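Next come the chains, spelled out residue by residue.
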Amino acid sequence: MSTYPKTAALMRRGADFLGSETAILCGAMSWVSERNLVSAISNAGGFGVIACGAMTPELLDSEIAATSALATAPFGVNLITMHPQLFDLIEVCTRHGVGHVVLAGGIPPKGSVEAIKAGGAKVICFAPTLALAKKLLRSGADALVIEGMEAGGHIGPVSTSVLAQEMLPELAEEHLVFVAGGIGRGEAIAGYLEMGACGVQLGTRFACATESIAHPDFKKAFFRANARDAVASVQVDPRLPVIPVRALRNKGTEHFTSKQREVAGSLDREEVAMAEAQLQIEHYWAGALRRAVIDGDVENGSLMAGQSVGMVKAEEPVAEIIAQLMAESEAALTRR
Ligand SMILES: Cc1cc2nc3c(=O)[nH]c(=O)nc-3n(C[C@H](O)[C@H](O)[C@H](O)COP(=O)(O)O)c2cc1C
């Protein structure tokens, strides 16, 4: 990308690794990151990633085939480590010659990194701490994503700026590290690149692109929202674990809090066993993202969104978003 020479130079390692023009990944978003958005991102010089989520191997097979038919540049596949058919999904990726597999949702189970690499693909893992980052690299991860709590979807407890300061000085010279969480403009990209990141991953900024199949009401909710509307779910009772999810506040998020109180009350009165109570909490959000993204139920569905949602104001084609991010980054680097 000779139009953005300073940014391109800092992104070179990441772009070479991905086989893309820019080292801007669009992080996998369940229900959103399907053939249309993924191919649009890759065709516009970014790197799209299919969100496999809870898909069966058969569904993933047809989604990869359909994306390949639309894409003229490489794309990746995001697999959730606790999927019961993880190894079958890896086999599907291998069969299609997918070049990059992102493992999300926890520590990769034994043999999974090896299985992906044996099929010829590169492995990208999420690293929540420096110690785990080093362990993942020793176990064969080819690149890491560090994602702060500003991000949309499932989040950890630490902010992107702190993770970047903790990890980049230690890792970025010798390893490929992409930074994610809270990135809405190119100036922030320039900052992380200067700190040593080889690229960045964005989700929220791309969720409402013209090419995204998200329901118009889902998109409208994003355009109206401010940073402070994207809140992390809160655990009410220590006995009932909740993995924090950042999403726009709505009736569903309020009801989730009262649901936790209700289940905790049932536990106190010994009306329900612990395992059953925990399952009720775990299952509460099942299908909720689909309800919001596909059906447009913005009241009761899950409007997963990061704090950068306040910078998403209108539907824009992916190519324009990428060009804008690159131009902002370039301007910032040129001013220095
Ligand atoms: C609607 C939505 C759904 C998401 N679903 C997933 C997912 O299925 N798997 C995953 O690894 N990350 C998921 N994420 C996280 C994104 O891949 C990405 O890392 C994150 O959005 C980056 O932070 P940002 O939202 O601040 O740009 C999701 C994010 C959003 C906004």
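Basis of the calculations
Residues numbered from 1 in each chain as written. Predicted model: local features only at pLDDT ≥ 70, side-chain atom pairs only at ≥ 80, totals over all residues. Heavy atoms only, no water. Helix = DSSP H or I, 4+ residues; strand = E, 2+ residues; numbered from the N terminus. Rg over C-alpha atoms; globule rule 2.2 N^0.38 Å. Contact = heavy atoms within 4.5 Å. Areas by Shrake-Rupley, 256 points an atom, 1.4 Å probe, with all protein chains shown as cover. Pairing = 2+ DSSP bridges. Near = heavy atom within 4 Å. Polar contact = N/O pair within 3.5 Å; in protein donor to acceptor, adjacent residues only side chain to side chain. Nonpolar A, V, L, I, M, F, W, Y, C, P; charged D, E, K, R; others polar. Axes fitted to C-alpha atoms, helices over the stretch in contact; angles between N-to-C directions. Core = buried A, V, L, I, M, F, W, Y, C linked by side-chain atoms within 4.5 Å. Buried < 20%, exposed > 50% of the residue type's maximum accessible area, 1.4 Å probe, protein only. Expected span 1.5 Å × (residues − 1). Arc of directions from axis to C-beta.

Trainee: Help me understand the overall build of the chain in this model?
Mentor: Broken down by element type, the chain carries 14 helices and eleven strands. Its C-alpha radius of gyration of 19 Å places the chain within 12% of the 20 Å reference for a compact globule of 336 residues. Long-range contacts, defined here as pairs at least 24 residues apart, represent 64% of the contacts in the chain between residues at least 6 apart. Counting only carbon and sulfur atoms, one obtains 54% of the accessible surface of the chain, whose full area is about 14700 Å².

Trainee: Hey, could you run me through the pairing of strand 5 (residues 122–126) in this one?
Mentor: Look at any regular strand and the pattern is simple: side chains alternate between the two faces of the sheet. Bridge count between strand 4 (residues 100–104) and strand 5: four bridges; the pairing is parallel. Paired with H100 across the bridge in strand 5 is K122. Examined bridge by bridge, strand 5 and strand 6 (residues 143–147) share three bridges and lie parallel to one another. Along strand 6, the bridge assignment pairs F126 with V145.

Trainee: Just to check I follow, could you spell out the site of the ligand for this structure?
Mentor: Surveying the vicinity of the ligand reveals 17 residues, the closest of which are A28, S30, E147, G182 and T204. Backbone polar atom of G152 to an oxygen atom of the ligand: 3.1 Å apart, as the coordinates give it. In this structure, an oxygen atom belonging to the ligand sits 2.8 Å away from a main-chain N or O atom of G203. For the ligand, whose accessible area on its own is 610 Å², the fraction buried by protein is 94%. When its residues are assigned to classes, the shell around the ligand shows six nonpolar, nine polar and two charged.

Trainee: In this structure, what is going on with the sheet that holds strand 4? I would like to understand it.
Mentor: Within a sheet, each strand pairs with its neighbour through backbone hydrogen bonds, oriented either parallel or antiparallel. Pairing within the closed barrel is parallel, and its eight strands lie in the order 1-2-3-4-5-6-8-9. Taken pair by pair, the neighbouring strands of this sheet meet at an average axis angle of 25 degrees, ignoring direction. Pairing of strand 2 (residues 47–51) with strand 3 (residues 76–80), which is carried by three bridges, proceeds in the parallel orientation. Across the sheet, I50 pairs through a bridge with V77, a residue of strand 3. Contacts from helix 1 (residues 5–18) reach strand 1 (24–26), strand 2, strand 4, strand 5, strand 6 and strand 8 (176–180), with the element oriented near 100 degrees to strand 8. Along the sheet face, helix 2 (residues 35–43) touches strand 1 and strand 2 and points at about 165 degrees away from the line of strand 2.

Trainee: I keep staring at the nonpolar core and nothing clicks. Help me out?
Mentor: For soluble globular proteins, the rule of thumb is that nonpolar side chains tend to be buried together. Counting residues in hydrophobic clusters, the biggest one holds 93 residues, and the most contacted among them are I24, L60, L79 and F206. Excluding residues that lie within four positions of it along the chain, I24 makes contacts with M11, G46, F47, I189, V200, L202, F206, I322, L325 and M326. Core analysis: the next-biggest nonpolar cluster, separate from the first, contains ten residues, F256, L267, I281 and Y284 among them.

Trainee: Explain the environment of M274 here, please?
Mentor: Checked against the element boundaries, M274 lands in helix 12 (residues 274–283). By relative accessible area, M274 is classed as partly exposed at 36%. In sequence terms M274 and V38 are 236 residues apart; their C-alpha atoms lie 41 Å from each other. Once you skip the residues sitting within four places of it in the chain, M274 turns out to touch R239 and L267.

Trainee: Please clarify how helix 7 (residues 160–171) should be interpreted in this entry.
Mentor: Helix length check: helix 7 (twelve residues) gives 15 Å between terminal C-alpha atoms against 16 Å at 1.5 Å per residue, within 8%. Of the positions making up helix 7, those classed as buried are T160, L163, A164, M167, L168 and L171. Around the axis of helix 7, the buried residues are gathered within 100 degrees of arc, so they sit on the same side. In this structure, helix 7 carries Q165 and P169 as exposed residues pointing more than 90 degrees from its buried face. Close packing links the buried residues of helix 7 with helix 6 (130–138), strand 6, strand 8 and helix 8 (186–194).

Trainee: Would you mind going over unusual backbone geometry with me for this structure?
Mentor: Trans is the common state for peptide bonds, and a negative phi is the common state for residues other than glycine. One non-glycine residue, W31, lies in the positive phi region at around 70 degrees. Note that W31 resides in the loop between strand 1 and helix 2. Under the relative-accessibility criterion, W31 is labelled partly exposed at 42%. At E270, a position not held by glycine, the phi torsion is positive, near 55 degrees. Structurally, the position occupied by E270 is in the loop between helix 11 (251–268) and helix 12.

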